[in-house]
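Secondary and tertiary structure notes
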Amino acid sequence: MLKAVIDTSHAAQSGRVFEDAADVVHALMPDTPMFCMCEDQLTRQLTTFQDGFPGIVTYAVKANPSKQVLAILAQHGIDTFDVASPAEMALVREARPDAVLHYNNPVKSRVEITDALNVFGVRNFCIDDEAELEKIADIAEAPTQIEIAIRFRGAKNRAVCDFSSKFGASPLDAARLLQLAASMGFRTALTFHAGSQCLDPLSYAENIEVAASICRNADVWVDRLNVGGGFPIDFPSQQVPPLSAFFSIIEDATKRCFGGHMPTLIAEPGRAMVASSASLLARVKHRRPQTDEIFINDGIYGALMELIQLPVDLPCRVLTQTGVKAGPVREFVVYGPTCDPN
């Protein structure tokens, strides 16, 4: 069954259960963009991660922070969440008050750090430079109760969207930061991100090799290794390896590289956890038959933002009030609802 998640202008419909997206269109004919979510598909994908990943499965809240998604994941066993802001912390606390929060945004203000510690009970932080470590050390009263995960920039990017341009210390700097964090009394971890929609499982193995070399150079063996997110999903134009291939390579590489210093593994899937369970209903507002142009009520300044970041074709169907529209497929130029040229 499919549950419609309606925007605030249709709040009375939020949580209503429908047979499928076509049933939503038949019943509501929504004139504003609307997300629909399949709870069964979400729980199936969660089970794939829980049964296959050789460590702790968390959820990257930024991928879909809706209350419905968080509640379902919490109900089905996710007790640790990757959060990027106090706002996301508050959402998780509402869904699961006892959840463990990993504050894996490497850059935080002093107010955000203070609120994370004292309001939301965060004890897991991420850094990628010394100034950030010093901020946390200045504010935290009990370093031995806090884990510092050093985010490093490791192997060559093989993802559709490269995450290495913004965050991540070099391996040399990461070793220095690891030594420094350990000397301050913090519990230590390492973390990396292979990039969004990573297509090659070997990218994870290469980053794990870098992580082990950082530990050897620092002479500090971390308690935990967070392999981040980046797990891919299938698109019509892009078929990807099964998740099991990623899980197997991650486990084998960690055993090979860390040996007797095997850390606890952590994953923080976002897109790979929720994308297949959510659909966007966008209405065609206008068509220009002579130029094969259509205008829809959402675009790159809304839920279709990733179209300017990921060179992929999104799966789509045409739904009418009487059902799914069938027939030959043709290409159109699609514009969003704003006056901007997109």
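About the cut-offs
Starting from 1, residues in each chain are numbered consecutively following that chain's sequence as written. Totals for whole chains, interfaces and linings use every residue, but because this is a predicted model, local features are given only for residues with pLDDT of at least 70 and side-chain atom pairs only at 80 or more, for both listing and counting. The basis for every side-chain value is the complete set of heavy atoms in the structure, and neither hydrogens nor water enter the calculation. The numbering of helices and of strands both runs from the N terminus, where a helix is a DSSP run of H or I of at least 4 residues and a strand a run of E of at least 2. Each radius of gyration reported is based on C-alpha atoms, and the globular scaling rule is 2.2 Å times the count of residues to the power 0.38. A 1.4 Å probe rolled over the protein chains alone gives each residue an accessible area, and that area as a share of the maximum for its type sets the label: buried under 20%, exposed over 50%, partly exposed in between. A contact between two residues is defined here by any heavy atoms of the two lying within 4.5 Å. Counted charges follow a simple rule, with Lys and Arg positive, Asp and Glu negative, and His plus the chain ends left uncounted. The atom standing in for a charge is NZ when the residue is Lys, CZ when it is Arg, CG when it is Asp and CD when it is Glu. We define the nonpolar core as a collection of buried residues of types Ala, Val, Leu, Ile, Met, Phe, Trp, Tyr and Cys that are connected through side-chain atoms lying within 4.5 Å of one another. Two strands are counted as paired when DSSP detects at least two bridges linking them. An axis is simply a line fitted to the C-alpha atoms; with a helix, the fit covers only the stretch in contact. Between two such axes, the angle follows the N-to-C directions and lies from 0 to 180 degrees. A pair is scored as a salt bridge if a Lys or Arg side-chain nitrogen falls within 4 Å of a carboxyl oxygen belonging to Asp or Glu. Call a crossover right-handed when, viewed with both strands pointing away from you, the route from the first strand across the helix to the second goes clockwise. Angle categories: roughly parallel below 35 degrees, roughly antiparallel above 145, roughly perpendicular from 65 to 115, and oblique for all the rest. Take the far helix as your reference; a near helix turned counterclockwise from it by less than a right angle gives a left-handed crossing, and one turned clockwise gives a right-handed crossing. Side-chain classes follow a simple rule in which Ala, Val, Leu, Ile, Met, Phe, Trp, Tyr, Cys and Pro form the nonpolar group, Asp, Glu, Lys and Arg form the charged group, and the remainder, Gly included, forms the polar group. Confidence of the predictor at the level of single residues is captured by pLDDT, which takes values from 0 to 100.

On to the overall build of the protein chain. Regarding its fold elements, the protein chain presents 10 helices and 20 strands. A compact globule built from 342 residues would reach a C-alpha radius of gyration of about 20 Å, and the protein chain, at 22 Å, matches this within 12%. With respect to the three principal axes, the spread of C-alpha positions in the protein chain is 65 × 40 × 40 Å. Within the protein chain, the fraction of its 342 residues that count as buried is 45%. Considering only intrachain contacts with a sequence separation of at least 6, the fraction spanning at least 24 residues in the protein chain is 66%. The positive charge centre, built from 30 side chains, and the negative charge centre, built from 41, are 3 Å apart in the protein chain.

This part takes up the nonpolar core. Core analysis: the biggest nonpolar cluster contains 76 residues, and Tyr-59, Phe-81, Phe-125, Ile-148, Val-227 and Phe-231 have the highest contact counts within it. A per-element tally of this core places helix α8 (residues 202-218) first, with nine residues. Leave out the neighbours within four places in its chain, and Phe-81 touches Thr-58, Tyr-59, Val-61, Leu-70, Ala-74, Val-92, Ala-99, Val-100, Leu-101 and His-102. One finds Phe-18, Val-24, Cys-36 and Leu-281 within the second-largest nonpolar core, a separate group that totals seven residues.

Okay, the sheet that holds strand β17 (residues 293-296) next. The strands making up a sheet associate through backbone hydrogen bonding, with each pair oriented either parallel or antiparallel. An order of β16-β17-β20 is seen for the three strands of this open sheet, with the pairing classed as mixed. Single-partner strands in this sheet number two, and they are β16 (284-288) and β20 (333-335). On average, adjacent strands in this sheet sit at an angle of 20° to one another, irrespective of strand direction. Direction of pairing for β17 relative to β20: parallel, over a ladder of three bridges. Paired with Glu-293 across the bridge in β20 is Val-333.

Once that is clear, we can look at the pattern of salt bridges. Within the structure shown, the criterion is met by 14 salt bridges. In this structure, the salt-bridge partner of Arg-110 is Asp-138, at a minimum N-O distance of 3.4 Å. Of this pair, Arg-110 sits in helix α5 (residues 110-118) while Asp-138 sits in helix α6 (residues 130-139), and the two are 28 residues apart along the sequence. A relative accessible area of 43% means that Arg-110 is categorised as partly exposed. What you see here is one network of salt bridges that share partners, running through Lys-108, Glu-132 and Lys-135.

Counting buried positions over the five residues of strand β9 (residues 147-151) gives five, a clear majority of the element. Burial of the side chains of β9 extends over both faces: Glu-147, Ala-149 and Arg-151 are buried on one face and Ile-148 and Ile-150 on the other. After leaving strand β8 (residues 124-127), the chain enters α6 and then returns to the sheet as β9, a path that is right-handed. Strand direction decides the pairing type here: β9 and strand β11 (residues 187-191), joined by five bridges, are parallel. Along β11, the bridge assignment pairs Arg-151 with Thr-191.

On to the packing of α5 against α6. Where α5 meets α6, the axes come as close as 10 Å, and the angle between the chain directions of the two elements is 50°. In terms of their interaxial angle, α5 and α6 are classed as oblique. Here α5 and α6 pass one another in a crossing that is right-handed. Contacts between α5 and α6 involve Arg-110, Ile-113, Thr-114 and Leu-117 from the former and Glu-132, Lys-135, Ile-136, Asp-138 and Ile-139 from the latter. Of the residues assigned to the contact of α5 with α6, the class counts are four nonpolar, one polar and four charged.

In this section: the pairing of β17. The pairing of β16 with β17 spans four bridges and is antiparallel. Bridge pairing in β17 links Val-284 to Ile-296.

Right, let's talk about the confidence of the model for the protein chain for a bit. This prediction gives the protein chain a mean pLDDT of 90; 92% of its residues lie at or above 70. A low-confidence stretch, residues 4-12 stays under pLDDT 50, and its non-local contacts, those more than four residues away or across chains, total 23 contacts.

Structurally, the position occupied by Lys-62 is in the loop between β5 (59-60) and α3 (67-75). Separated by 22 residues in the primary sequence, Lys-62 and Ala-84 have C-alpha atoms spaced 7.2 Å apart. Residues in contact with Lys-62, not counting those within four places in the same chain, are Asp-82 and Glu-88.

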